[in-house]
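Overview (structure and organization)
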Amino acid sequence: MLWTRETDSGKPMKRFDDTHFKRWVTHCGFDFDTRKRIDHDRADSSRTQYRCVFRWGKTQQKEVEIADKEVTLGSQKAPLAFIELDEEGYARVKVGETEEIYNVVEMRYDGKALLIKAASGAKKKLDGEKLSR
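Attention here is on the structure that accompanies the text. (Residues numbered from 1 in each chain as written. Predicted model: local features only at pLDDT ≥ 70, side-chain atom pairs only at ≥ 80, totals over all residues. Heavy atoms only, no water.)

**Section: the overall build of the protein chain**
Each helix and strand counted, the protein chain has 2 helices and 11 strands in total. Mapped from its N terminus to its C terminus, the protein chain presents α and β elements in the order β-β-α-β-β-β-β-β-β-β-β-β-α. In the protein chain, buried positions account for 32% of the 133 residues. In the protein chain, 41% of the contacts between residues at least 6 apart in sequence involve partners at least 24 apart. Of the accessible surface of the protein chain, which amounts to about 8,600 Å², a share of 44% is contributed by carbon and sulfur atoms. Taking the average location of the 27 positive side-chain charges in the protein chain and that of its 24 negative ones, the two points are 5 Å from each other. (Helix = DSSP H or I, 4+ residues; strand = E, 2+ residues; numbered from the N terminus. Buried < 20%, exposed > 50% of the residue type's maximum accessible area, 1.4 Å probe, protein only. Contact = heavy atoms within 4.5 Å. Areas by Shrake-Rupley, 256 points an atom, 1.4 Å probe, with all protein chains shown as cover. Lys, Arg positive; Asp, Glu negative; His and termini not counted. Charge placed at Lys NZ, Arg CZ, Asp CG, Glu CD.)

See below:
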């Protein structure tokens, strides 16, 4: 779904097939969304983000003080396990309390698992079946 190849000048060029990614997400029964926004951990400009949510949860109710008044903010739906890729091939992966950023050079799937290779040489397997429980 994402791969890197060398151009004639020897410069690496990433290709991301977002349509294929969306089809895989939908086929596996996970949630998919896309939006354009700035993620300051990955870039200073707005980019299209493609997100696969493996599992949802709820945020805790919070009490905050606004203008010397106590206000209770209700719980809301929040992703607990997801991968979000931008159009340049940078990914945010969140599983529970752990969040990591990867410069992805290759991403493919094996059943419900995503196999990721980062520019750093790190390899990551996101087992969607396990993450969705």
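**Some points on helix α1 (residues 18-28)**
When we look at burial in α1, the residues that qualify are F21, W24, V25 and C28. For α1, the angular spread of the buried residues around the axis is 100 degrees, confining them to a single face. Set apart from the buried face of α1 by more than 90 degrees, the exposed residues are R23, T26 and H27. Contacts from the buried residues of α1 go to β2 (12-16), β3 (31-37), β4 (47-58), β7 (77-86), β9 (98-110) and β10 (113-118). A distance of 3.3 Å separates the backbone nitrogen of T19 from a side-chain oxygen at the start of α1, and that oxygen is part of D17. Where α1 terminates, the next one or two residues include G29, which has phi positive at roughly 85 degrees. (Arc of directions from axis to C-beta. Polar contact = N/O pair within 3.5 Å; in protein donor to acceptor, adjacent residues only side chain to side chain.)

**Structural notes on the environment of C28**
Tracing the chain through its elements places C28 in helix α1. Through-space distance from the C-alpha of C28 to that of V105 is 23 Å; in sequence the pair is 77 residues apart. Residues within four places of C28 in sequence aside, it is in contact with G111 and K112.

**Brief notes about the environment of P79**
Mapped onto the elements, P79 comes out in strand β7. Sequence spacing of P79 and C52 is 27 residues, and the spatial spacing of their C-alpha atoms is 9.5 Å. For P79, the residues in contact, after removing those within four places along its chain, are R51, V53, R55, W56 and K94.

**Digging into the pattern of salt bridges**
Scanning the model with the defined rule gives 12 salt bridges in all. One salt bridge connects D39 with R92, and the closest N-O pair in it is separated by 2.6 Å. Of this pair, D39 sits in the loop between β3 and β4 while R92 is found in strand β8 (residues 90-95), placing the two residues 53 residues apart along the sequence. Salt bridges here are not isolated pairs; linked through shared partners, they connect R35, R37, D39, D41, R42, E84, R92 and E99. (Salt bridge = Lys/Arg side-chain N within 4 Å of Asp/Glu carboxyl O.)

**Considering the nonpolar core**
F21, W24, F54, I83, M107 and L114 are the most contacted members of the largest nonpolar core, which totals 24 residues. When residues of this core are traced back to their parent elements, those giving at least two are α1, β4, β7, β8, β9 and β10. Apart from residues no more than four positions distant in its own chain, I83 is found in contact with F21, Y50, R51, C52, F54, A91, R92, V93, M107, L114, I116 and L126. (Core = buried A, V, L, I, M, F, W, Y, C linked by side-chain atoms within 4.5 Å.)

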